[in-house]
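Notes for the structure review
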Amino acid sequence: MKKKTRATAPRGPKRRKSIMAERKSVPQRVTLPPAPRQSVAPNEARITIRRLRTQLARALARIEQLQASADTDFLLDIPNRRGFERELKRAIAYINRYHASGALIVLDVDRLKPINDAFGHPAGDQVLKAIVAALSRQIRSSDVIGRLGGDELAVLLWNLSETDAKAKAACLEEAVDQLTFMFHGRAVTAGASAGVAILGPHAEAGRALEEADRAMYVRKAQRRHEVDAR
């Protein structure tokens, strides 16, 4: 018997067709001409930079004004609670780092509510302004006085021993006690009770405020007892 031979088709033409098909399917790269460069004159660039720097300086100044207003009591023009706590934390950080010393005095204004009730809040505002002015005359320019809220004030003092801080607290009380106000033909006095916290190398802002506040309430009760005993 004769062996059957398998017929093989010529492969050359089919290979060429497939190569041509691949070439047709591959997208041709298109080279775009380079975009024209926009030339800016050096003088115009300097003017633009100067203008942007001016705008940036104005924006930064406005931000600083807004931050300052957020930390300031508008009535008394002293730091509010937020601003004073920021100053207190900064002072404590310095004290902790350089082993310095300081004191925190919290003062509560006496009889402010009766003044507001009897003569109106403008009278109470006048009393607060006069008290802040009196306290400012008793402290150094490096010290800080702030309003914690309502009738409560605070003073941050640098480089004082505990004995000196308590003596300063008594001096501040006396300065407020000596103030006299005239409303509707009536002489009115206020007063203040002061509590002290010493700021040492391991002080913390929140704890110092709490300590001075507790001492202030103890002093307030003591002063009330002294008035009742007269």
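Residues numbered from 1 in each chain as written. Predicted model: local features only at pLDDT ≥ 70, side-chain atom pairs only at ≥ 80, totals over all residues. Heavy atoms only, no water.

A closer look at the confidence of the model for the chain
The predicted structure's coordinates, where accompanied by low pLDDT, should not be read in detail. Residues with a pLDDT of 70 or more make up 80% of the chain, whose mean pLDDT is 86. Taken as a whole, residues 1-5 scores under 50 in pLDDT and shows zero contacts with residues more than four places along the chain or in a different chain. (pLDDT = per-residue confidence, 0-100. Contact = heavy atoms within 4.5 Å.)

Quick notes on the pairing of strand β8 (residues 192-199)
Where a strand is regular, its side chains alternate between the two sheet faces. Burial analysis of β8 places seven of its eight residues in the buried class, the great majority of the element. Taken together, the eight bridges between strand β3 (residues 102-109) and β8 define a ladder with antiparallel strand orientation. The residue of β8 that forms the bridge with Ile105 is Val196. (Buried < 20%, exposed > 50% of the residue type's maximum accessible area, 1.4 Å probe, protein only. Helix = DSSP H or I, 4+ residues; strand = E, 2+ residues; numbered from the N terminus. Pairing = 2+ DSSP bridges.)

Side note on the pattern of salt bridges
Taken as a whole and judged by the stated rule, the model has 17 salt bridges. The residue Asp73 makes a salt bridge to Arg147 at a minimum N-O spacing of 3.2 Å. Taken together, the residues Asp73 in strand β1 (residues 72-73) and Arg147 in strand β4 (residues 144-149) connect sequence positions 74 residues apart. Asp73 sits in the buried class, given a relative accessible area of 14%. Look at Arg147 and you get buried, because its relative accessible area is 14%. Note that Lys166 and Glu162 form a salt bridge whose closest N and O atoms lie 3.4 Å from each other. Note that Lys166 and Glu162 are positioned in helix α6 (residues 162-177) at a spacing of four residues, about one turn of the helix. (Salt bridge = Lys/Arg side-chain N within 4 Å of Asp/Glu carboxyl O.)

Here's the deal with the sheet that holds β8
The strands making up a sheet associate through backbone hydrogen bonding, with each pair oriented either parallel or antiparallel. Strand order in this open sheet of four strands is β4-β5-β3-β8, and the pairing throughout is antiparallel. This sheet does not close on itself; its edge strands, each paired only once, are β4 and β8. Here the average twist between neighbouring strands, direction ignored, is 20 degrees. Of the strand pairs in this sheet, β3 and strand β5 (residues 152-158) are connected by seven bridges, and their pairing is antiparallel. Directly across from Ala103, in β5, lies its bridge partner Leu157. Sheet strands in contact with helix α7 (residues 205-229) are β3, β4, β5 and β8, and its direction is about 145 degrees off that of β8. (Axes fitted to C-alpha atoms, helices over the stretch in contact; angles between N-to-C directions.)

A word on the nonpolar core
Among the nonpolar cores identified, the biggest contains 34 residues, and Ile105, Leu107, Val127, Ile131, Leu135, Val155 and Phe183 are the most heavily contacted of them. Of all the elements in the fold, those that place two or more residues in this core are β3, α4 (112-119), α5 (121-136), β5, α6, β6 (181-183) and β8. Examining the composition of this core, we find that seven residues originate from one element, α5, more than from any other. Excluding residues within four positions of it along the chain, Leu107 makes contact with Leu135, Asp151, Glu152, Leu153, Val155, Leu172, Ala192, Ser193 and Ala194. Counting 21 residues, the second largest nonpolar core, distinct from the first, contains Leu104, Val144, Ala203 and Met216. (Core = buried A, V, L, I, M, F, W, Y, C linked by side-chain atoms within 4.5 Å.)

Some words on the packing of aromatic side chains
Applying the stated criterion across every chain, the model contains four aromatic pairs. Taken together, a centroid distance of 4.8 Å and an interplanar angle of 45 degrees make the contact between Tyr94 and Tyr98 tilted. With a gap of four residues between them, Tyr94 and Tyr98 both fall in helix α3 (residues 81-98), about one helical turn apart. The exposure class of Tyr98 is partly exposed, given its relative accessible area of 48%. (Phe/Tyr/Trp six-rings, centres within 6.5 Å; stacked < 30°, edge-to-face > 60°.)

Details of the pairing of β4
Most of β4 is tucked away: five of the six residues are buried. In terms of strand pairing, β4 meets β5 through five bridges, oriented antiparallel. Among the inter-strand pairings, Arg147 is bridged to a residue of β5, identified as Leu153. The turn joining β4 and β5, which pair antiparallel and follow one another in sequence, is formed by two residues; a positive phi near 60 degrees is taken by Gly150.

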